[in-house]
Amino acid sequence: GQQVMQIPQYQHVQEGEDFTTYCNSSTTLSNIQWYKQRPGGHPVFLIQLVKSGEVKKQKRLTFQFGEAKKNSSLHITATQTTDVGTYFCAGTQGGSEKLVFGKGTKLTVNP
Amino acid sequence: ETGVTQSPTHLIKTRGQQVTLRCSSQSGHNTVSWYQQALGQGPQFIFQYYREEENGRGNFPPRFSGLQFPNYSSELNVNALELDDSALYLCASSLVGVGKETQYFGPGTRLLVL
């Protein structure tokens, strides 16, 4: 079945440092979505990428979708303490509505 | 806030009991998906309902069942609870057909099975 792997599992950075999390799928994806979950909270939608090679930016966050539509990354420039949380990628395959999540990368930021 | 609500927020049950969790979708959304999130893990897809019909199911046994009502609210029922069912249960609503497939998650129900 479809699997989505995410690395690293944990990342601890100093405030101001950059952060990147990577997502790899065992199968070609129709789209990839990114979510942020704060401690004790629920996943909050950040963005969706659909096209091969797509790059989208949201302020300090840059999202990329690989050419083969099997991998993706989220890069945060100059992290802030408000960036703390777990970042999940999730993808769908073909016409399926089933969203498969990675295990997430837990980001902590030292002020 | 997403406009998706879930009840109850917390629940404690004992092994073998049955539980019903409820979800109210965001206004205008006709699709609801349910997820199970164990501690330290990503959400796992249980099933999805579209216009009151099941529209996809993950690898969960038949004791996990659901309903969607004409107003698009939804229930998740779990029979014969097991200790491993302890988790955060999330529902997410979306509007199928507009090509965006963005899902809006509710705050979740934390279920503890003793």
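Heads up: the structure comes first, above all this text.
Note that this is a predicted model, so its numbers are computed, not measured. (Residues numbered from 1 in each chain as written. Chains lettered and ligands numbered in written order. Predicted model: local features only at pLDDT ≥ 70, side-chain atom pairs only at ≥ 80, totals over all residues. Heavy atoms only, no water.)

Observations regarding the overall build of chain A
Rules: Each helix is a run of DSSP H or I of at least 4 residues and each strand a run of E of at least 2, with the numbering of both proceeding from the N terminus. Radius of gyration means the value over C-alpha atoms here, while the globule rule gives 2.2 Å times the residue count to the 0.38 power.
Looking only at helices and strands, one finds 0 helices and 11 strands in chain A. Order of helices (α) and strands (β) in chain A, N terminus to C terminus: β-β-β-β-β-β-β-β-β-β-β. A compact globule built from 111 residues would reach a C-alpha radius of gyration of about 13 Å, and chain A, at 13 Å, matches this within 12%. With the C-alpha coordinates aligned to their principal axes, the bounding extent of chain A is approximately 45 × 25 × 20 Å.

Quick look at the sheet that holds strand E3 (residues 19-25) of chain A
Residues and elements named next belong to chain A. What counts here: For two strands to be treated as a pair, DSSP must find at least two bridges joining them. Angular values range over 0 to 180 degrees, each being the angle between N-to-C directions of two axes fitted as lines to C-alpha atoms, with helices fitted over their stretch in contact.
The sheet built from 5 strands is open, its strands ordered E1-E3-E8-E7-E6 with antiparallel pairing. Two strands bound the open sheet, and with one partner strand each, they are strand E1 (4-7) and strand E6 (55-58). Direction aside, neighbouring strands of the sheet carry axes that sit 15 degrees apart on average. Pairing of E1 with E3 involves 4 bridges; the strand directions are antiparallel. Bridge pairing links Met 5 to Asn 24 in E3.

Focus on the interface of chain A and chain B
Here is the rule we go by: The contact rule is simple, with two residues in contact once any of their heavy atoms fall within 4.5 Å. In short, buried area is how much 1.4 Å probe accessible area vanishes from two parts on joining, totalled over both. For this analysis, a salt bridge means a side-chain nitrogen from Lys or Arg found within 4 Å of a carboxyl oxygen belonging to Asp or Glu. Two N or O atoms count as a polar contact when they lie within 3.5 Å, although within protein this holds only if one can serve as hydrogen donor and the other as acceptor, and sequence-adjacent residues are included solely when both atoms are side-chain atoms. Residue polarity follows a fixed list, in which Ala, Val, Leu, Ile, Met, Phe, Trp, Tyr, Cys and Pro are nonpolar, Asp, Glu, Lys and Arg are charged, and the others, Gly among them, are polar.
Each side of the interface is counted separately: chain A has 18 residues, and chain B has 22 residues. Counting each side, the surface lost to burial between chain A and chain B is near 1,600 Å², with a carbon and sulfur contribution of 50%. Among the residues of chain A in contact with chain B, His 42, Glu 97 and Lys 98 of chain A are the three that bury the most area, contributing 35% of the side total. Across the chain A-chain B interface, the total number found is 0 salt bridges. Taken together, the connections running from chain A to chain B amount to 2 residue pairs in polar contact (both at pLDDT 80 or more). Mapped onto the side of chain A that touches chain B, the elements with two or more residues apiece are strand E4 (31-37), strand E5 (44-49) and strand E9 (85-92) of chain A. The greatest single-element share of the side of chain A that touches chain B, amounting to 4 residues, is contributed by E4 of chain A. Along the lines of polarity and charge, the residues of the side of chain A that touches chain B split into 6 nonpolar, 9 polar and 3 charged.

As for the packing of aromatic side chains
The following threshold applies: Stacked, tilted and edge-to-face pairs are distinguished by plane angle, under 30 degrees for stacked and over 60 for edge-to-face with tilted covering the rest, among Phe, Tyr and Trp rings (Trp via its six-membered ring) whose centres lie within 6.5 Å. Classification of residues uses two cut-offs on accessible area relative to the type maximum, computed with a 1.4 Å probe and protein chains only: under 20% is buried, over 50% is exposed, and between them is partly exposed.
Tallied over the full model, the rule gives 11 aromatic pairs over all chains. Taking the centre distance of 6.1 Å and the plane angle of 75 degrees together, the rings of Phe 101 of chain A and Phe 105 of chain B count as edge-to-face. You can see Phe 101 of chain A sitting in strand E10 (residues 100-101) and its partner Phe 105 of chain B sitting in strand E10 (residues 104-105), one on each of two chains. Exposure remark for Phe 101 of chain A: the relative accessible area of 8% places this residue in the buried category.

Observations concerning the side chain of Thr 31 of chain B
Residues and elements named next belong to chain B. One can find Thr 31 in strand E4 (residues 31-37). Among the polar contacts listed, one links the side chain of Thr 31 to the side chain of Asn 30, at a separation of 3.0 Å. When neighbours within four sequence positions are excluded, Thr 31 is seen to be in contact with Gln 48, Tyr 49, Tyr 50, Gln 68, Ala 92, Ser 93, Ser 94 and Val 96.

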